[in-house]
Amino acid sequence: MTYIRKQKRNGKIYYSLAERVKTNKGWRSKTLVSYGINPPIFYEPKIIKGFAETELKKLADNSVDLIIIDPPYGIESDTNHRKDKPENIGKIDFDDERIFKIFPEIISECYRILKNNAALYCFSRWDVSGQFIKMIEKYFKVKNNLIWVKNNWSMGDLEGAYGSQYENIIFAVKEKHI
């Protein structure tokens, strides 16, 4: 187990990242990183939920460590497999060909705000992944097309297609991912 250790020496407080380790003589603390008199800065993630075309413009250049984006797939999804009635849910905005017109601008903004050597994960569907990959490749290095196997799956659409048990996730990086 790791923890932040504070030690007072000569009237000053010193900070370090320490770990409890078992030795022949019992338990002791092992210093992993010494911070000196400066307390460590803790990372506090911020999750932004909203429309990318609006929210991304509010962020500074090179200020984001990771982007996970789940755009509409442009498939005009229609299903009977819902507990809520459609009038309670509403249609998904841009779940048609319009997403492929605005997505290049969204990816451009993602590139602008993402720090160098950081990653972007973009959710997609098997039949539109290629279109998203082409747009992402204009700015990022696409490293993988991951498959997220879900424990549940859809019942298919109203046109007779089989339901899917997975989602594609496009993994791309800005510059050289560490």
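For the structure, see preceding data.
Computed from a predicted structure; not experimentally measured.

## Some points on helix H3 (residues 99-113)
For H3, which comprises 15 residues, the first-to-last C-alpha distance of 20 Å matches the rise-based estimate of 21 Å (1.5 Å per residue) to within 8%. The set of residues buried in H3 consists of Ile99, Phe100, Phe103, Ile106, Ile107, Glu109, Cys110 and Ile113. One face of H3 carries all of its buried residues, which in axial projection span an arc of 160°. Elements that come into contact with the buried residues of H3 comprise helix H1 (52-55), strand E4 (64-69), strand E5 (114-124) and helix H4 (129-136).

## Remarks on the sheet that holds strand E3 (residues 26-36)
Reading across the sheet, the three strands line up as E1-E2-E3 and stay open at both edges, with antiparallel pairing between neighbours. Each end of this open sheet is capped by a strand with a single partner; those strands are strand E1 (2-9) and E3. When the angles between neighbouring strand axes are averaged without regard to direction, this sheet yields 45°. Relative to strand E2 (residues 12-23), E1 is paired through eight bridges, and the arrangement is antiparallel. In the strand pairing of E2, Lys8 is matched with Ile13.

## Considering the sheet that holds strand E7 (residues 166-173)
An order of E4-E5-E7-E6 is seen for the four strands of this open sheet, with the pairing classed as mixed. Across the chains shown, the open sheet's two edge strands, defined by having one partner strand only, are E4 and strand E6 (141-149). Neighbour-to-neighbour, the strand axes of this sheet turn through a mean angle of 15°, independent of strand direction. In the sheet, E4 pairs with E5 via five bridges, with the strands oriented parallel. Each residue of the ladder has a partner; that of Ile69, found in E5, is Cys122. Where H3 meets the sheet, it contacts E4 and E5, and its direction lies at approximately 150° from that of E5. Packing against the sheet, H4 makes contact with E5, E6 and E7, and its axis sits at approximately 10° to E7.

Reading the values: rules and limits
Throughout this document, residue positions are counted from 1 along each chain, in the order its sequence is written. Selection of residues for local features in this predicted model requires a pLDDT of at least 70, selection of side-chain atom pairs for listing and counting requires 80 or more, and totals for whole chains, interfaces and linings are taken over all residues. Based on all heavy atoms of the structure, the side-chain values leave hydrogens and waters out of the count. To qualify as a helix, a DSSP run of H or I must reach at least 4 residues; to qualify as a strand, a run of E must reach at least 2; elements of each kind are numbered from the N terminus. For a helix, the expected span equals 1.5 Å multiplied by the number of residues minus one. Throughout this description, buried means an accessible area under 20% of the type-specific maximum (1.4 Å probe, protein chains only), exposed means over 50%, and partly exposed covers the range between. In this context, the arc is that of the directions from the helix axis out to the C-beta atoms. Whether two residues are in contact is decided by their heavy atoms, any of which lying within 4.5 Å being enough. Pairing between strands is defined by DSSP: at least two bridges between them are needed. Geometry is summarised by axes, namely lines fitted to C-alpha atoms with helices restricted to the contacting stretch, and by angles between N-to-C directions that run from 0 to 180 degrees.

Read these as geometric descriptors, not functional statements.
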